[in-house]
Amino acid sequence: MTTRDVARELARRYSTMTHDELDILESVLRPMKFAKGEIILKEGEVCTNIYWVVRGLVRQFYYKNDKELTEYMATENTICMCIESLFKEQPTRLQIQALEPTLIYALPKAALEAVAMKSVNIQILYRKILEESLIFSQVHADMLRFESAPDRYAKLVKRSPQLVLRAPLVYIASYLQMTPETLSRVRTAALMEGK
C-alpha cells in the first residue's frame, strides 16, 4: 500500500478531498514499521502523532500496581493515539505496542494542524478522527460500566472480529476487564450457544 493509497483511504473514510488536498494529506503521512513486541510509544514520551494502522495489531496499555492493563487495541484501518498526551503535549502514562509485525502511517499533529489551516476538508478529516476516537472511548467505558461479561465479549466479537481472532487472550481479558479464567468461560459458553 502506497502513501497515496493511505491518503485516499483516510479521505474516503473521513472527508471528501480534491486532488490537491490529497497531495497535501499525503505529504504529512509518515510510514513506520514495527516488529512484533516492539514499543511504538513509551511511557514518559509525548505522543505527537495520530497513528493509522495499515497492517498489524497494536495495543495501548499502562501499569497499575505492577500489572499491565490493556486499555485499547487496534487492527487494520483503525486509529490509535494517546489523546491526552497529544493535546496537552505532556508525557503519557500509556504505552503503545505492536502485537504483530505492524505498518503504521503517522499523522504528525503539528503538520496536520498546519495543513488543516489551509483546507476545510482536512479540518473535517481531523475533527472526524477525533470525534471517532472520543465516541469509541465513551462506548468502551459504557460497556465496561453497564454490560455483563458475556455481553462485553459478544460486543467485541461483533465490533472487532479480527481482534478476537488475533490478540492474545490475556490482553483481550484485560481489555474487557475480566480475568483470563472468566474470559475462557464466557468464550466457551458463546461457542456452545453458537452451535
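Conventions adopted
- Residues numbered from 1 in each chain as written.
- Predicted model: local features only at pLDDT ≥ 70, side-chain atom pairs only at ≥ 80, totals over all residues.
- Heavy atoms only, no water.
- Pairing = 2+ DSSP bridges.
- Helix = DSSP H or I, 4+ residues; strand = E, 2+ residues; numbered from the N terminus.
- Axes fitted to C-alpha atoms, helices over the stretch in contact; angles between N-to-C directions.
- Contact = heavy atoms within 4.5 Å.

## Details of the sheet that holds strand β8 (residues 102-108)
Then, number 1: Taken together, four strands build an open sheet; the order of strands is β1-β8-β3-β6 and the sheet is antiparallel. Edge positions in the sheet fall to β1 (30-34) and β6 (78-80), since each of these pairs with one other strand and no more. Averaged over all pairs of adjacent strands, the angle between their axes in this sheet comes to 35°, without regard to strand direction.
Then, number 2: Two strands pair when backbone bridges link them, and strand β3 (residues 49-55) and β6 are joined in this way by three bridges, in the antiparallel orientation. Bridging across to β6, W52 finds its partner in I79.
Then, number 3: Along the sheet face, helix α1 (residues 3-14) touches β3, β6 and β8 and points at about 105° away from the line of β3.

## Some words on the sheet that holds strand β7 (residues 95-98)
Then, number 1: Across the sheet, which stays open at both edges, the four strands sit in the order β2-β7-β4-β5 with antiparallel pairing between neighbours. This sheet does not close on itself; its edge strands, each paired only once, are β2 (39-41) and β5 (67-74). Neighbour to neighbour, the strand axes of the sheet diverge by 35° on average, direction disregarded.
Then, number 2: Of the pairings in the sheet, the one linking β2 to β7 comprises two bridges and is antiparallel in character. The residue bridging I39 from the neighbouring strand is Q97, located in β7.

Everything listed is a geometric property; what it means functionally is a separate question.
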